[in-house]
Amino acid sequence: MAGEVVIRAEALTKRYGANLAVDHVDLEVGAGEIVGILGPNGSGKTTTILMLLGLTEPTEGRAMVAGFDPLRDPLEVKRRVGYLPDQVGFYDGLSALDNLAYTGRLAGLPRSEIDARFSEAMERVGLGPYGYARVRTFSQGMRQRLGLAEVLMKRPSVAILDEPTTALDPHSTQEFLGMIRGLKADGTAVLLSSHHLDQVQSVCDRVALFNRGRIALSGTVTELAGRVLGGGHVIDVEARGPEGAAGIAERLAAIPGIVRVHPLGGDRYRVDCQRDLRAEIARRLAPEVELIGIHFAAPSLNEVYNRYFEEARLAAQ
Amino acid sequence: MPRSSGIPAARRGSPWTGVGTVVAKETADHLSGVRMVVIEALIFLVALVLAWFSTTTIRETIGQSPFLFLRLLTITPDPIPFSFISMVGLVTPIIAIALGFDAINAEFNQRTLSRILAQPIYRDALLFGKFLARLLSLSIALVSLWLLVLGLGFLRLGLPPSGEELIRMLGFLVATIAFGGVWLALAMLFSVLFRAPATAALAALGLWLLFALFWTVMVTPLLATLIAGPAEGIFGPNIAYISTEQTLQRLSPNTLYSDAAVALLNPTTRALGPVFVSLRELSTMVNAPLPVSQSFILIWPQLTGLIAATIVIFAIAYIVFQRQEIRA
């Protein structure tokens, strides 16, 4: 963890009647750390966020955000937390300045401070020239940036971003991810909820995988890969031989220490190993099979996610 | 260290935090919004025409009544088919509904609610701020209307209103604002209950139609007959029926308001509802105006009834809103 713990959830639980939406979630996020929360729809991510913000009351457990209990001190928590909801909305008839000045006044900022912070935040998100434009003229991407400007204006110690890149084009997404890294550089703890696993992997220090209201897995992507993919070593092999793809895959699977073999198409195979087996693979394939390349593959969060839920589905059957 | 479930924790921080900011923003939105400008323009136009014809009629019969300005509000001048108080009684609920029907559901639909509630403000403060802002906008519209009629009356009649007339007219203004408050609270309750603004507006207008058109004429006689028997008994009017019908009628904010308006603007009104007096008593009181303090005592139950109804309806809206999940 990067620094002092600014978000701490202990056995946080939320029930709606008989439905258990969040089930004893434990979570810690340090200052200057970006933690991704992942999971299918209805897995409890947004409910957890709402409990951390004090917008819904936990049935059990407790949380501390920026040193305050969201249940007892929601106003203090909200003064220190910037929240960007999924598909953020603004008052379309008002200008960007009027929209952000309203939330700035609600946050208790004096008028002079609002103007200064607004200009700075708008420049930072690339909306400098649009301060006086009505929000109804903004594209969804601009609205997302404006939402981030609102978070920046607050200078929060915690930023909670719920699906912030959903409506963005690839270029804007990359810019937006850069801005999220900027929050980390400011020392802000970021909780990022997203379905875009590649984006989460590219910016997050750690991830927490939600399933049916629980955090099923948490840690760095490499740690998760180790637990889900087996052994934590993923090796990409490029090879061709007379026995064909099936034969090579069979030959690889027979090597002790290899957990799984995934043909990737063409002459490429991805192998999950319990240890570094590059030398052993080269020895076992030779001389019948021509080894074109062999190297460690970076573990993909996408693979971890898909594998975890595939196994969860099979276990449930 | 899990918190024991079922025991709500006391929240810290003032429940008023942010109310002023919400009131300022929402009032500015309403006073500059096209919707309010159009409604107010129409009402002012009708009021202007009404005041013009009323003053014309009064000028022809000046000296017949010591309460010229009160007559200005109560007479039905030719060729207009209704009086000023009828018009105010008709349009006040409509303005209140127009102000309140999308107070909360529009925030859900614009997806602004979670963003606003993520700021340091309690959701009850948001609801209360919105209500106050709308009540303030409604009050500004009604005070402007009141001043317009008063000014035009002053200009056309060439006389200032007496102190008693002014107090009675102010009382009427307060009763009208309280009446508007009931419909505003109802419209806001529907805006909390229904996510579609059109549904909320229709529900509020439907209820208004029920109370304005059908309550006194159809609903209360029917219910009173079911509860207390027929209106006419063997020995004359059925007192139980009359009493029940009156109680039922007073469940309607329109009845409470019209009772209060009549008692305030017509000083000869000595009682609201059925009165049983001897002929001797009657001969001493006919056409004698009631002192203004007595008129206020007379309308006190109606006025407090309107204010209480506003508080109860707002409290229901508050409870429903507190229980809603904020995900938009």
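In the block above lies the structure referred to throughout.
Calculation rules
- Residues numbered from 1 in each chain as written.
- Chains lettered and ligands numbered in written order.
- Predicted model: local features only at pLDDT ≥ 70, side-chain atom pairs only at ≥ 80, totals over all residues.
- Helix = DSSP H or I, 4+ residues; strand = E, 2+ residues; numbered from the N terminus.
- Buried ≥ 20, exposed ≤ 12 C-beta atoms within 10 Å, placed from the backbone.
- Expected span 1.5 Å × (residues − 1).
- Arc of directions from axis to C-beta.
- Contact = placed C-beta atoms within 7 Å.
- Pairing = 2+ DSSP bridges.
- Axes fitted to C-alpha atoms, helices over the stretch in contact; angles between N-to-C directions.
- Nonpolar A, V, L, I, M, F, W, Y, C, P; charged D, E, K, R; others polar.
- Parallel < 35°, antiparallel > 145°, perpendicular 65-115°, else oblique.
- Left-handed = near helix turned anticlockwise from the far one by under 90°.

(A) Broad picture of the overall build of chain A. The number of helices and strands found in chain A is eleven helices and 13 strands. Buried positions account for 44% of the 317 residues belonging to chain A.

(B) Structural view of helix H6 (residues 170–185) of chain A. Residue and element names in this part refer to chain A. Here H6 spans 23 Å end to end across 16 residues, near enough to the 22 Å set by a 1.5 Å rise per residue. Within H6, burial applies to Thr173, Phe176, Leu177, Ile180 and Leu183. In a view along the axis of H6, the buried residues occupy a sector of 100°, so they form one face of it. The exposed set on the far side of H6, more than 90 degrees from its buried face, consists of His171, Gly178 and Ala185. The secondary structure elements touched by the buried residues of H6 are strand E3 (34–38), helix H5 (140–153), strand E6 (158–162), strand E7 (189–193) and helix H7 (197–203). Of the residues trailing H6, Gly187 is marked for its positive phi of about 90°.

(C) Molecular detail of the sheet that holds strand E10 (residues 233–240) of chain A. Residues and elements named next belong to chain A. With respect to topology, four strands assemble into an open sheet ordered E11-E12-E10-E13, the strand pairing being antiparallel. Of all the strands in the sheet, just strand E11 (258–265) and strand E13 (290–296) have a single pairing partner and so form its edges. Sheet twist, expressed as the average angle between the axes of neighbouring strands with direction ignored, equals 20°. Set on the sheet, helix H9 (residues 244–253) makes contact with E10, E11 and strand E12 (268–273); between it and E11 the angle comes to about 160°. This element, helix H10 (residues 278–285), spans E10 and E13 of the sheet and lies at about 170° to E13.

(D) Structural view of the interface of chain B and chain A. In this complex, chain B contributes 27 residues to the contact, which on the side of chain A involves 31 residues. For the side of chain B that touches chain A, the elements supplying multiple residues, two or more each, are helix H1 (19–32) and helix H6 (113–117) of chain B. With four residues, the single largest contributor to the side of chain B that touches chain A is H6 of chain B. Each residue belonging to the side of chain B that touches chain A can be placed in one class, and the counts come to ten nonpolar, nine polar and eight charged.

(E) Seen up close, the packing of H1 of chain B against helix H7 (residues 123–157) of chain B. Residues and elements named next belong to chain B. Their axes nearest at 8 Å, the elements H1 and H7 cross at an angle of 40°. Relative to H7, H1 is oriented oblique. You can see that H1 and H7 cross each other, and the crossing is right-handed. Contact with H1, carried on its side by Val19, Val22, Val23, Glu26, Thr27, His30 and Leu31, involves Ala125, Leu126, Phe128, Gly129, Lys130, Leu132, Ala133, Arg134, Leu136, Ser137 and Ile140 of H7 and no other residues of that element. Classifying every residue of the contact of H1 with H7 by side-chain character gives eleven nonpolar, four polar and three charged.

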